[in-house]
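Here is how the chains run, residue by residue.
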Amino acid sequence: MKNKEIILNKIFVIIVALFFAELIFLNSKAVEPDEILNNPKLEIRARNISKNIRCMICQNQSIDESNASLAKDLRILIRDKIKEGKKDVEIYKFLTDRYGDFILLKPPIKSNTIALWFLPFVFLLIGILIVFWHNKKSKKIKN
Amino acid sequence: MKKQILILPLLFFILLLIAFFYILVIERNPSEIPSNLLNKNVPVFKADSLIKKEKFISSKEFGNQILLVNFFATWCKPCRDEHIYIKRFSSNLNIRVVGINYKDDPKKTLRWLKNLGNPYSNIALDKTGKIAIEWGVYGIPETFIVNSKGVIKYRRVGPINEKIFKKINIIIDKINNEE
């Protein structure tokens, strides 16, 4: 009986360890060794851009996390552009010119996305006002 | 007055329900993203041609007449499914179709075209997928309508079926009337 408990305990520890290992390696899963730039500074720039670019095939993953072939092509393209000396803004523009704003994981603040960005705050404000209004009324009734 | 206000949340909820139901019912594919290249000039590119000796140069191919641009590959099953419609465009309707062979083996493509028939007037080889990125392509097959000025007027993501075939015909007729 005790033996069984020890084995179960060990299995549990292994599962937890695997879970943490997974967490640590999660962000470098998709980038393959042959893609990585020699200059670590440029590589970090490439990784940062890739994290903001949506994989058009998987849609809720960035190209930094995705194993799709288009994601790989885009990662290589970003690195090529960095090597050519292009600025980050120019690379983002190249991608949005072709794929639209949808390729950015964070929608930019524009006239047609203002509602998306600020309506939550408006609703929050309305909620607060309703609570205050309600409070005031119930106090009046008590008095 | 107080009771009348209580009905507001209910009304709001019903409106939301109607809106969601409407979006659910209309024919809409959420994974289909509108092209950012609509009403813009075709990308400029140069590539090897599969069926001609001279290079495929975009400025020579586009801007002379209305044509279809079809991204395809032999390894893509939906491309095989839509092939019959691509052939209909070129042989029955006399519309020029330019093919872009995406990440494929040229030998296999030649064999594929021999078996199924070749509807393409010229085929550019996109070995690395860079031409596809220039066109904002993310899932083949994809088909574009380019007008006689070299401007992209329509993009279809996914295979052409009977319904899309008719839709493309209507759009081409419309472009022809405008020009």
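1. With respect to the environment of Asn 143 of chain A
Residue and element names in this part refer to chain A.
So, point 1. Relative to the elements of secondary structure, Asn 143 occurs in the segment after helix 5 (114-142).
So, point 2. For Asn 143, a count of 5 C-beta atoms within 10 Å puts it in the exposed group.
So, point 3. Put simply, Asn 143 and Glu 84 are 59 residues apart on the chain and 75 Å apart in space, counted from C-alpha to C-alpha.

2. Things to note about helix 3 (residues 69-83) of chain A
Count 3.6 residues to each turn of an α-helix, and residues three or four apart come out pointing the same way.
Residues and elements named next belong to chain A.
So, point 1. The first and last C-alpha atoms of helix 3 sit 21 Å apart over 15 residues, in line with the 21 Å expected at 1.5 Å per residue.
So, point 2. Burial in helix 3 covers these residues: Ala 71, Leu 74, Arg 75, Ile 78, Arg 79 and Ile 82. The arc enclosing the buried residues of helix 3, seen along the axis, measures out at 135°, which places them on a common side.
So, point 3. Against helix 2 (40-52) and helix 4 (88-99) lie the buried residues of helix 3.
So, point 4. Positioned one or two residues after helix 3, Gly 85 has a phi angle of 95°, which is positive.

3. A word on the packing of helix 2 of chain A against helix 3 of chain A
All names here are of chain A.
So, point 1. The geometry of helix 2 relative to helix 3 is characterised by a closest axis approach of 10 Å and an angle of 135° between their N-to-C directions. In terms of orientation, helix 2 lies oblique with respect to helix 3. Regarding helix 2 and helix 3, the two cross each other, and that crossing is right-handed. Counting all contacts with helix 2, which are made through Leu 42, Arg 45, Ala 46, Ile 49 and Ser 50, the residues of helix 3 involved are Arg 75, Ile 78, Arg 79 and Ile 82.
So, point 2. Counted by class, the contact of helix 2 with helix 3 contains five nonpolar, one polar and three charged residues.

About the criteria used
Residues numbered from 1 in each chain as written. Chains lettered and ligands numbered in written order. Predicted model: local features only at pLDDT ≥ 70, side-chain atom pairs only at ≥ 80, totals over all residues. Helix = DSSP H or I, 4+ residues; strand = E, 2+ residues; numbered from the N terminus. Buried ≥ 20, exposed ≤ 12 C-beta atoms within 10 Å, placed from the backbone. Expected span 1.5 Å × (residues − 1). Arc of directions from axis to C-beta. Contact = placed C-beta atoms within 7 Å. Axes fitted to C-alpha atoms, helices over the stretch in contact; angles between N-to-C directions. Parallel < 35°, antiparallel > 145°, perpendicular 65-115°, else oblique. Left-handed = near helix turned anticlockwise from the far one by under 90°. Nonpolar A, V, L, I, M, F, W, Y, C, P; charged D, E, K, R; others polar.

Coordinates in, geometry out; function isn't part of it.
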